[in-house]
Amino acid sequence: MIWQWLGLALFSVTLLPAGVALLAGRVPRRLRRRPELTRPRGVALLAFCAVAPLNAVPRLAGASASVTLAATALAGAVAVGGCVALMVTPRRARTAAR
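It should be emphasised that the depicted structure is a prediction, and the values quoted were computed from it without experimental measurement.

Enquirer: Is there a simple way to explain the overall build of the protein chain in this structure?
Expert: Scanning the protein chain for helices and strands turns up three helices and zero strands. Reading the protein chain from its N terminus to its C terminus gives the helix and strand order α-α-α. Taken over the C-alpha atoms alone, the protein chain extends approximately 50 × 25 × 15 Å along its principal axes. Out of the 98 residues belonging to the protein chain, those deemed buried represent 24%.

Enquirer: Please clarify how helix α2 (residues 38-61) should be interpreted in this entry.
Expert: Along an α-helix, residues three or four apart share an orientation, since each turn contains 3.6 residues. In a regular helix each residue adds 1.5 Å, so 24 residues correspond to 34 Å; α2 covers 35 Å between its end C-alpha atoms and thus fits that length. Residues of α2 that are buried: Thr-38, Gly-42, Ala-44, Leu-45, Ala-47, Cys-49, Val-51, Ala-52, Ala-56, Pro-58 and Leu-60. Two residues or fewer past α2, Gly-62 is found with a positive phi of approximately 75°.

Enquirer: Just to check I follow, could you spell out the packing of helix α1 (residues 2-24) against α2 for this structure?
Expert: When two helices pack together, their arrangement is given by the angle between the helix axes and the distance between those axes. The geometry of α1 relative to α2 is characterised by a closest axis approach of 8 Å and an angle of 160° between their N-to-C directions. By the criterion of interaxial angle, the relationship of α1 to α2 is roughly antiparallel. α2 is crossed by α1, and the crossing has left-handed handedness. Looking at side-chain class alone, the contact of α1 with α2 contains 20 nonpolar, four polar and three charged residues.

Enquirer: Honestly, the environment of Leu-8 in this entry has me stumped. Any pointers?
Expert: Examined against the element boundaries, Leu-8 turns out to sit in helix α1. Setting aside its immediate chain neighbours within four residues, Leu-8 contacts Ala-52, Pro-53, Ala-56, Val-57 and Leu-60.

Enquirer: Looking at this structure, I do not really get the side chain of Thr-68. What am I missing?
Expert: By secondary structure assignment, the location of Thr-68 is in helix α3 (residues 65-97). In this structure Thr-68 comes out as buried when scored by relative accessible area, which is 14%. Among all residues touching Thr-68, those that are not within four sequence positions of it are Pro-58, Arg-59 and Ala-63.

Enquirer: Looking at this structure, how should I read α1?
Expert: Between its first and last C-alpha atoms α1 spans 33 Å; for 23 residues at 1.5 Å apiece the expected length is 33 Å, and the two agree. Regarding α1, the residues found buried are Leu-8, Leu-15, Gly-19 and Leu-22.

Enquirer: Sorry, what's going on with the environment of Ala-18 here?
Expert: Looking at the secondary structure, you find Ala-18 in helix α1. Between the C-alpha atom of Ala-18 and that of Cys-49, which follows or precedes it by 31 residues, the distance is 9.9 Å.

Enquirer: Help me out: how do you make sense of the state of the cysteines in this one?
Expert: In a disulfide, the sulfur atoms of two cysteines are held together by a covalent bond. Across all of its chains, the model carries zero disulfides by this definition. Cys-49 forms no disulfide, and the closest cysteine sulfur to it belongs to Cys-83, at a distance of 15 Å. The class of Cys-49 is buried, set by a relative accessible area of 8%.

The rules behind the values
Along each chain, the written sequence defines residue order, and numbers are assigned to residues from 1. The predicted origin of the model limits local features to residues at a pLDDT of at least 70 and limits the giving and counting of side-chain atom pairs to 80 or more, whereas totals for whole chains, interfaces and linings rest on all residues. Excluding hydrogens and water, the side-chain figures rest on all heavy atoms present in the structure. Think of it this way: any DSSP run of H or I at least four residues long counts as a helix, any run of E at least two long counts as a strand, and we number them from the N terminus. Residue exposure (1.4 Å probe, protein chains only): buried if accessible area is under 20% of the type maximum, exposed if over 50%, otherwise partly exposed. Multiplying 1.5 Å by the helix residue count minus one yields the expected span of that helix. Angles here are taken between N-to-C directions and fall from 0 to 180 degrees, while the axes themselves are lines fitted to C-alpha atoms, restricted in helices to the stretch in contact. For this classification, under 35 degrees means roughly parallel, over 145 means roughly antiparallel, 65 to 115 means roughly perpendicular, and everything else is oblique. When the near helix sits turned anticlockwise from the far one by under a right angle, the crossing is termed left-handed; a clockwise turn instead gives a right-handed crossing. Basically, the charged four are Asp, Glu, Lys and Arg, the nonpolar ten are Ala, Val, Leu, Ile, Met, Phe, Trp, Tyr, Cys and Pro, and anything else, Gly included, counts as polar. Here a residue-residue contact requires only that any non-hydrogen atoms of the pair lie within 4.5 Å. To count as a disulfide, a pair of cysteine sulfur atoms needs to be within 2.5 Å.

Right under this line is the structure:
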């Protein structure tokens, strides 16, 4: 159980500030060539950040197996949504630039 708490804390400390910064429009140097991609990438990063609590909190709270399974399925859907956001964003930027 301690590993789940540590993983949740580490995941939150590393990805949450980066996702919020990208969502707010703060762009790292390597992404400054294409600033139109920052907000969707921030949304995707926050979606990936939401997966950890969705998986860990029901287990840490001692929820039933059905609640844990439902939360894990929801986390999978959120992760797929983040992946879709990362895949669609560059294509949308290319069509907008034309």
